[in-house]
Each structure stands twice: as C-alpha cells, then as structure tokens.
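Chains, contacts and geometry: an overview
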Amino acid sequence: MTDDITAGSPAFDTSLPGDGYVGDPAVRAEWDNRYADRQQLWSGQPNGALVAEVAGLMPGRVLDVGCGEGADAVWLARGGWDVTALEVSGVALERAAGHARDAGVAVRWVHAALTEAALPPASFDLVSAQYPALLRTPDAAAERALLAAVAPGGVLLLVHHAGMDTQQAHDSGFDPADYVWPSMVAALLTDDWEVEVDEQRPRVAPDGGAAGAHHTDDLVLRARRLR
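Each residue is numbered by its place in its chain's sequence as written, counting from 1. Where totals are concerned, whole chains, interfaces and linings use all residues; where local detail is concerned, this predicted model gives features only for residues with pLDDT of at least 70, and gives and counts side-chain atom pairs only at 80 or more. Only hydrogens and water are removed before side-chain values are computed, so all heavy atoms of the structure are retained for them.

A word on the overall build of the protein chain. Secondary structure elements follow DSSP: runs of H or I of four or more residues count as helices, runs of E of two or more count as strands, with numbering from the N terminus. Along the backbone of the protein chain there are six helices and eight strands. Written out in order from the N terminus, the α and β elements of the protein chain read β-α-α-β-α-β-α-β-β-α-β-α-β-β. For every residue, the accessible area (1.4 Å probe, protein chains only) is compared with the maximum for its type, and the residue is labelled buried under 20%, exposed over 50%, or partly exposed between those bounds. Counting all 227 residues of the protein chain, 54% fall into the buried class. Pairs at least 24 apart in sequence give 75% of the contacts found in the protein chain among residues at least 6 apart. Taken as a whole, the protein chain presents about 9,900 Å² of accessible surface, with 49% of it coming from carbon and sulfur. In what follows, a contact means two residues having at least one pair of non-hydrogen atoms within 4.5 Å. To measure how exposed things are, a 1.4 Å probe is used in the Shrake-Rupley method; for residues, cover is taken only from the protein chains shown.

This paragraph deals with the nonpolar core. Residues W81, V83, V107, W109 and L126 are the most contacted members of the largest nonpolar core, which totals 27 residues. Residues in contact with W81, not counting those within four places in the same chain, are V54, L57, M58, P59, G60, R61, V62, L76, D125 and L126. Side-chain atoms within 4.5 Å link the members of a nonpolar core, which is a set of buried Ala, Val, Leu, Ile, Met, Phe, Trp, Tyr and Cys residues. Formed by 26 residues, the second largest nonpolar core is a distinct cluster that contains A145, A149, L158 and V185.

The next subject is unusual backbone geometry. The backbone of Y131 shows a phi angle near 55°, a positive value even though the residue is not glycine. Considering the arrangement of structural elements, one finds Y131 in the loop between strand 5 (124-130) and helix 5 (141-149). Judged by its relative accessible area of 3%, Y131 is buried. Positive phi, normally seen in glycine, also occurs at A140, with a value near 55°. Positionally, A140 belongs in the loop between strand 5 and helix 5.

Take the environment of Q200 next. Within the secondary structure, Q200 sits in strand 7 (residues 193-202). C-alpha of Q200 to C-alpha of L219: the two residues are 19 residues apart in sequence and 4.5 Å apart in space. Setting aside anything within four residues of it in sequence, one finds Q200 in contact with A162, D217, D218 and L219. In terms of polar contacts, Q200 uses its side chain to reach the side chain of D217, at 3.2 Å. Under this definition, polar contacts are N or O atom pairs within 3.5 Å; protein pairs additionally need one hydrogen-donor-capable and one acceptor-capable atom, and for neighbouring residues in sequence, both atoms have to be side-chain atoms.

Okay, the pairing of strand 6 (residues 150-161) next. The buried count for strand 6 comes to ten of twelve residues, which makes it a mostly enclosed element. In the sheet, strand 5 pairs with strand 6 via six bridges, with the strands oriented parallel. Residue pairing for strand 6: Q130 is matched across the bridge by V159. If the strands point away from the viewer and the path from the first strand over the helix to the second runs clockwise, then the crossover is right-handed. Since strand 5 and strand 6 lie parallel, the crossover through helix 5 that links them has a hand, and here it is right-handed. What makes two strands pair is DSSP finding at least two bridges between them.

This part takes up helix 1 (residues 25-36). Between its first and last C-alpha atoms helix 1 spans 16 Å; for twelve residues at 1.5 Å apiece the expected length is 16 Å, and the two agree. The set of residues buried in helix 1 consists of V27, R28, W31, D32 and Y35. When helix 1 is viewed along its axis, its buried side chains cluster within an angular range of 125° and face the same direction. Relative to its buried face, helix 1 has exposed residues pointing more than 90 degrees away, namely P25, A26 and E30. Buried residues along helix 1 sit against strand 3 (82-87), helix 4 (90-103) and strand 4 (108-111). Helix span, expected: 1.5 Å multiplied by one less than the number of residues in the helix. It is the directions from the helix axis to the C-beta atoms that the arc portrays.

The next thing to look at is the pattern of salt bridges. Any two side chains of opposite charge can pair if their charged atoms end up close together. Salt bridge, as used here, is a side-chain nitrogen of Lys or Arg placed within 4 Å of a carboxyl oxygen of Asp or Glu. The tally for this structure, following the rule as stated, stands at nine salt bridges. As a salt-bridge pair, D32 and R28 come within 3.3 Å of each other at their nearest N and O atoms. Taken together, the residues span about one helical turn, with D32 and R28 both in helix 1 at a distance of four residues. For the pair D32 and R28, one class covers both residues: buried. A cluster of three or more residues bridged by salt bridges with shared partners is formed by E53, E196, E199, R201, R222 and R224.

Take the confidence of the model for the protein chain next. Confidence per residue, as judged by the predictor, is encoded in pLDDT with a range of 0 to 100. In this model, the protein chain carries a mean pLDDT of 86, and residues with pLDDT of at least 70 account for 84%. This stretch, residues 1-12, has a pLDDT under 50; its non-local contacts, to residues over four places away or in other chains, come to 79 contacts.

Another point: the packing of aromatic side chains. Pairing of aromatic side chains requires ring centres within 6.5 Å, counting the rings of Phe and Tyr and the six-membered ring of Trp. Pairs whose planes differ by under 30 degrees are stacked, by over 60 edge-to-face, and all others tilted. Taken as a whole, this structure holds zero aromatic pairs when the rule is applied. The criterion for a charge sitting over a ring is simple: Lys NZ or Arg CZ within 6 Å of the ring centre, and within 35 degrees of the ring normal. Sitting over the face of the ring of Y131, R203 holds its NZ or CZ atom 5.2 Å from the ring centroid.

Here it is as structure tokens:
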C-alpha cells in the first residue's frame with residue numbers, strides 16, 4: 001500500500017537495523033515479501049508533499065513514520081534534520097540503512113510499529129507520515145501515537161492518497177475501513193492544535209518506483225501543536 005505499516009517493537013540503531021522486531025510475524029513477513037519481490041519498490045526520491053511542506057521549517061528532530069527504503073529520511077538528514085525513522089519491514093530497513101551510508105548521513109532506525117515503539121513523548125519538531133498504512137483500532141491508538149510524538153511548537157504532517165478512504169473493500173483483501181485516514185486524525189485535534197493545511201491537492205509524484213504511481217491527488221493535513 002505505502003511505505004508505512006504498524007507492527008513490532010523498537011530496535012534503535014544509527015547504522016544498520018538490528019533484528020529486534022517482536023511484533024506479529026505474519027505482518028512483518030507480508031511487508032518483507034512485498035519489498036523482496038522488487039529490487040526497488042519506491043522511487044528513491046523524497047515525497048513531493050514533504051518537500052513542499054518542510055521548506056519553511058527550521059530543522060530539528062523529526063520522526064519519519066513508515067520510512068520504507070529511506071528516501072525521505074535521507075533527504076531530511078541531508079537538510080540538517082536529526083532523523084528517527086520507523087519501519088516494520090526489515091528488508092526495507094536494510095535498504096534504507098544502505099542508502100543512508102551511501103549518502104554519508106546518520107539516521108536513527110527503529111524496527112517497530114508506531115504504537116509499539118518506545119519513542120520519547122512530545123519530543124519531535126516534525127512527525128512525518130507519508131501515505132501510512134496505519135491500522136485502525138477502537139481506541140485510535142495509531143492516531144493518538146502520531147499526535148503524542150509531536151513536541152509543543154512542532155508539526156504533524158500526514159499525507160495520504162485522496163479517494164482511497166471511500167473505496168470499497170478489494171478482492172485482494174484490502175479494506176479501507178481497516179486503516180487510518182487524515183480525517184480521523186483531524187477529528188482528534190483539540191484546542192492545543194492549529195490546523196495549518198487540510199486540503200486535497202494534485203500529487204507531485206517522483207519518477208521511478210511503481211508503487212502508488214496511479215494516484216493523482218493527495219490529502220494533506222498539517223497541524224501545529226501549540227502546547
């Protein structure tokens with residue numbers, strides 16, 4: 001579906017991801033198999049909405065939720081950000097770590113689900129979730145984890161494919177009702193947050209990488225935590 005997924009527990013490493021994943025082995029295997037099926041699943045370029053929305057921000061601590069093969073994480077690190085990148089697939093993390101080494105940048109890798117990772121609360125100046133496959137739960141755990149990670153004064157940037165949330169369940173087993181969409185996160189925002197962007201816009205799709213190439217519009221939610 002995207003670069004992102006939820007399952008696991010944390011394994012921090014700034015060079016090469018370790019094998020500390022202890023989540024649902026079936027979920028990890030599903031995403032490892034998806035990455036293993038292709039030498040490169042994504043374009044290798046940073047997501048267009050991220051590039052556009054980060055342009056005016058002062059670099060600080062950033063959490064890249066569902067980092068995939070690491071293009072966003074590497075781009076952010078090159079821009080002076082202190083990057084923590086989280087991903088469920090060990091195959092993807094190995095590739096991401098290799099790209100970071102090739103680029104000569106340091107990234108803190110976390111092999112975990114967003115909801116299971118032992119991340120320091122309210123400590124990231126930017127939480128970026130680009131097309132995440134975050135599983136929906138009755139207690140809105142993933143939505144609340146995204147919000148909880150943002151530091152006062154920091155920004156949550158959530159980008160997804162427009163129209164996917166209203167699709168019917170696919171024969172392949174994909175059901176949009178199983179996943180978190182920007183509207184669900186927006187519904188949890190309180191007076192402690194200021195919505196800076198909440199819109200649908202044409203997607204700036206990088207060249208290369210087959211996954212997601214047919215999606216033409218993005219949903220972009222950017223919210224700043226006031227306190």
